[in-house]
Amino acid sequence: DDCLCFSNSESEEEEEEDEEEEWEPKSKTARKPRLPKTNESKPKKVAAPRSTAVRKRTKKTAVKGDPDLSLPIGAGEDSKGGLQLLQPKEDRPTKQKTATKNRKVPMGAKINSVQKTSISNLESDETPSTSAPLGTEVKKEESEEDFAFDEPPLKRIKSATCPQGNPVKHHGSTKVKEELEMNWDIVQALAERTNVEPWVCANIIRLFNDENTIPFIARYRKELINNLEADALREVQQTLEELRTVAKKTHGTIQKLKKEGKLSGSLLTALLNCRTLEELDHVYAPYKTGSKGTKAQRAKQLGLEPAAISLIENPGELNLFSYVRSNVKGLSTIPEVEAGVQHILADMFAKDKDTLDFIRILCQQRYICLQSALAKVSSKSVNDKDVDKFQLYHNFSCNIRNIQHHQILAINRGENLKILTVKVNVPDGVKNEFCRWCVNERWRPKRYAKPELMKILHNSVEDSYKRLIYPLLCREFRSKLTSDAEKESVMMFGRNLRQLLLTSPVRGRTLMGVDPGYKHGCKLAIISPTSQILHTDVVYLHSGQGFREAEKIRRLLLQYSCSTVVIGNGTACRETEAYFADLIMKKYFAPLDVVYCIANEAGASIYSVSPEACKEMPDLDPNLRSAVSIARRVQDPLAELVKIEPKHIGVGMYQHDVSQTLLKATLDSVVEECVSFVGVDINICSEILLSSQQKELVAKGHAGVQITNVKQGKKRSKPTTNAMLQPNPLDQTCIHPESYNIAMRFLTFTGGNPNDIGKPDMQQKVNSVIQKEGTEGAAKMLNTTVHTIQLIIDGLTQPEGFDIRTDFDKPDFKRSIVCLEDLSVGAVLTGKVENATLFGAFVDIGVGKSGLIPIRNITEAKLSKAKKRRSLGLGPGERVEVKVLNVDIPRSRITLDLIRVL
């Protein structure tokens, strides 16, 4: 339903005045059924003591991730299960009967090959994790001679039914069996569309088929995906769903045509060749139920198809006079017979795969432009102000290869509002070369044809191009441009949302949240360092009572020792900011050193009347709930913003114009990713925060408590507590349980104690070993990879309560205010990015109006190394140093140049 189909006035159906139903694809896609489990003989289990059983039941705890860190290759189980890891050809070691310690594994970067190994199980004789899966047995660590040091350990794929990981099976090629097969390979099609290596695409498909989440794959399966980041995985997932949607719709169409008796061999081939919904619609359109039939179909019904085929195959024996029937409409004269043959030939050309491939390649080599103009007759409901918004596109033309995504979205919006008319301009040279190729090569008669027959062929080619092929090309160009623009807009929204969610929290402060307003006053809420509501109130600062209300505010700040004020950026924000800045400059709140910051309040009003807010704050007025939400957004942005529907947070571009299904899926995935990376403290987190982790959840802060498989819409399993149960210290780290045995062996090698994880002594011991052996040496010694060792090092050395958000920017606290009139060209200021778009970034520089840094001024050289490492670029919350390039006071426009990211 989300794929746009752009019709053309010259389309076949309109020319024939056929009234047809609009064919729309379904948004759902077929999912591959789970493979049945093999019946393998299992050893009998020995009855375990009660404490062990408790440990086993508390498995299925997923582990938090950390963005852009090295990801591991975990230890696999025995080779019986095999592994589904596709690696470059050079990575495949020589197969030998016995493992040799000193043999090195060559590394490479080519594709389409499989590494097949057989290794021993890496188990530890240490105390098993409290998260050990039900039914697993603890094995003693084998001697060093039993490990295969010449090959990296195999990976296990985690699934919902087997969180500890199922061994991945080897495959000899990148072929992936799909439930609905087409004439094209889904791996190759996915690789072509996403520019990702086929072996990586094959692995990604299998990982998704096994219900692995994007955070888990990006964190713990990095070697399977060639170090792709979460955003790239999300794009591959979306493209995969699109291809599966085409396959599902195609097979549904085939079944429908088969029931109606319209399916022929050539039509079946044409349908199975379709790779896009536009191609499928083009092939299927003449056969839709209720259609009067195309010109070609009506000519075939008159019996002219043999004549059309004969014109190509054996023109010397074709006698058009033999088809004349004076009493039959469409056959009464020679011109009518010639027209019927022409229509059949035109339809043949437009459905031929080689012909369509040629014209598409030809268009890629020529200048194809998209043109927009002001509509001659605008809708009465459109006012002049809306028309002025699209002034840039009243006479616009741009090559489709160079047009920007935001321009496409703007043009589409103008067209939907009936303000603009849009046209794809294909030069006449394309048509001329295409016609010559068809007549002289692809559809050249196999024998000599008379001039009158060659004229029919010429007319058929031109008719096919004008009536069928050109409208198809226009729809394809528009659809692809729109699809790409929507995807980029959604991905930009996702990047902004991630940046906002990962804003560094302000810990240990009592905050006053202020929801500004005029007539109904400013709502106040004071919250404790643990987000508890201490006091709520309403003050009227902008109705002549400002001096009297100042005393109330001062009393509240002193009573609760609150020195930080958070002001929402909605209505009356500027006046409220000036009010507090004036009092601070006069030291009115002494002895408190009060500072304030501006917080984005987008979505706060919607949340304040939501069922979640009513459940969380049942006794509080909705107006006061928004003030609480504003304060909590600064105290812990992630915990508060996950309560709000992502599209209402207001850090995107054209979010209401793009596919809402795609937008929701992407933003929900980003929220899940951020919660997974950060983890949650189950002592104080909300139910919404827990439920946002649908597949994996890390519980921090309460020894012996595990949360298992918290899913949206399902009852959460009860926490398990046992005073006698000793949890595994590794459960509080970012190390995955599948790598616990390697981590314990690494600890033994360093001489460290598991109870010292995160302490300075542990950091010193780990650093000493790494300085001596090196990361690669340690990985080889433990028969694992550098990714795994790096993750283990991070998990062992990160201090208790480590939060990745400390690397991100905090809110910008201020004591004074600057006016727009105070700005001058060339002034250097610091500010905070409010929103990032496809055409630039908007920066709050403290003058009440955000300035724009055009995208051309945001270069990689100006980004700090930390930003490059995180691959985040500029996003909400980033602190930047900028130079004022232009100030347009009447229009309140400020143009900035980026100097550097702070």
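Just so we're clear, the structure is a prediction, and the values are computed from it rather than from any experiment.

**Student:** Account for the overall build of the chain, naming residues and giving values.
**Tutor:** Looking only at helices and strands, one finds 28 helices and 19 strands in the chain. Here the chain, with 902 residues, has 52% of them falling under the buried criterion. Considering only residue pairs separated by 6 or more positions, the chain has 72% of its internal contacts joining residues 24 or more positions apart. Accessible surface, the chain as shown: approximately 43200 Å² in total, 49% of it carbon and sulfur.

**Student:** Hey, could you go over the packing of aromatic side chains for me, with residue numbers and the actual values?
**Tutor:** Going through the model one piece at a time under the given rule, you end up with nine aromatic pairs. An angle of 5° between the planes, with centres 4.0 Å apart, marks the rings of Phe 358 and Trp 437 as stacked. A residue pair is termed long-range when its members are at least 10 positions apart, and Phe 358 in helix α12 (residues 353-364) and Trp 437 in helix α15 (residues 428-442) qualify at 79 residues. Given a relative accessible area of 14%, Trp 437 falls into the buried group.

**Student:** Requested: an account of the pattern of salt bridges, with residues and values cited.
**Tutor:** In the structure shown here, the tally under the stated rule is 37 salt bridges. Across the salt bridge formed by Lys 351 and Asp 347, the nearest N and O atoms sit 3.2 Å from each other. Linking Lys 351 with Asp 347, this pair stays in helix α11 (residues 334-351), spanning four residues, or about one helical turn. Residue class for Lys 351 comes out partly exposed when judged on its relative accessible area of 21%. Using a relative accessible area of 9% as the deciding quantity, one classes Asp 347 as buried. Of the charged contacts in the structure, one is a salt bridge between Arg 467 and Asp 463, with a shortest N-O distance of 2.8 Å. Of this pair, Arg 467 and Asp 463 are both found in helix α16 (residues 451-501), four residues apart, which corresponds to roughly one turn of the helix.

**Student:** Account for helix α3 (residues 186-194), with residues named and values stated.
**Tutor:** Within α3, the full set of buried residues consists of Ile 186, Val 187, Ala 189, Leu 190, Ala 191 and Thr 194. The positive-phi residue at the C-terminal boundary of α3 is Asn 195, with phi of around 60°.

**Student:** Residues and numbers for the packing of helix α6 (residues 230-260) against α16, please.
**Tutor:** Running from amino to carboxyl end, α6 crosses α16 at an angle of 145°, the nearest separation of the two axes being 11 Å. The handedness of the crossing between α6 and α16 is right-handed. Across the interface between the two elements, Ala 230, Asp 231, Arg 234, Gln 238, Thr 239 and Glu 242 of α6 pack against Ser 483, Lys 487, Met 491, Arg 495 and Arg 498 of α16. Looking at the contact of α6 with α16 residue by residue, the class counts come to two nonpolar, three polar and six charged.

**Student:** Please set out the side chain of Asn 857 residue by residue, giving values where relevant.
**Tutor:** Tracing the sequence through the fold places Asn 857 in the loop between β17 (851-854) and α28 (865-870). The buried category is assigned to Asn 857, whose relative accessible area is 14%. For Asn 857, the residues in contact, after removing those within four places along its chain, are Lys 862, Leu 885, Leu 896, Asp 897 and Leu 898.

**Student:** So what's going on with the pairing of strand β5 (residues 369-374)? Which residues, and what values?
**Tutor:** Pairing of β5 with strand β6 (residues 395-399) involves five bridges; the strand directions are antiparallel. Bridging across to β6, Leu 370 finds its partner in Cys 398. The pairing of β5 with strand β7 (residues 420-425) spans six bridges and is classified as antiparallel. From the neighbouring strand, Leu 370 faces β7, where its bridge partner is Val 424.

**Student:** So what's going on with the sheet that holds β7? Residues and values would help.
**Tutor:** Taking strand neighbours across the sheet as the criterion, the three strands line up as β6-β5-β7 in an open arrangement whose pairing is antiparallel. Each having just a single partner strand, β6 and β7 make up the two edges of the open sheet. Taking each pair of neighbouring strands and ignoring which way they run, the sheet shows an average axis angle of 15°. Strand contacts of α16: β5 and β7, with the helix running at about 115° to β7, the strand carrying the most contacts.

**Student:** So what about unusual backbone geometry? Which residues, and what values?
**Tutor:** Omega for the peptide link from Ala 590 to Pro 591 comes to 10°, which places this bond in the cis form. The topology assignment puts Pro 591 in the loop between α18 (573-585) and β12 (595-599). One non-glycine residue, Ala 572, lies in the positive phi region at around 70°. Under the relative-accessibility criterion, Ala 572 is labelled buried at 6%. One non-glycine residue with positive phi stands out, namely Asn 783, at about 55°. Looking at the secondary structure, you find Asn 783 in the loop between α26 (760-781) and α27 (786-797).

Here is what the cut-offs are and how they apply
Residues numbered from 1 in each chain as written. Predicted model: local features only at pLDDT ≥ 70, side-chain atom pairs only at ≥ 80, totals over all residues. Heavy atoms only, no water. Helix = DSSP H or I, 4+ residues; strand = E, 2+ residues; numbered from the N terminus. Buried < 20%, exposed > 50% of the residue type's maximum accessible area, 1.4 Å probe, protein only. Contact = heavy atoms within 4.5 Å. Areas by Shrake-Rupley, 256 points an atom, 1.4 Å probe, with all protein chains shown as cover. Phe/Tyr/Trp six-rings, centres within 6.5 Å; stacked < 30°, edge-to-face > 60°. Salt bridge = Lys/Arg side-chain N within 4 Å of Asp/Glu carboxyl O. Axes fitted to C-alpha atoms, helices over the stretch in contact; angles between N-to-C directions. Left-handed = near helix turned anticlockwise from the far one by under 90°. Nonpolar A, V, L, I, M, F, W, Y, C, P; charged D, E, K, R; others polar. Pairing = 2+ DSSP bridges.

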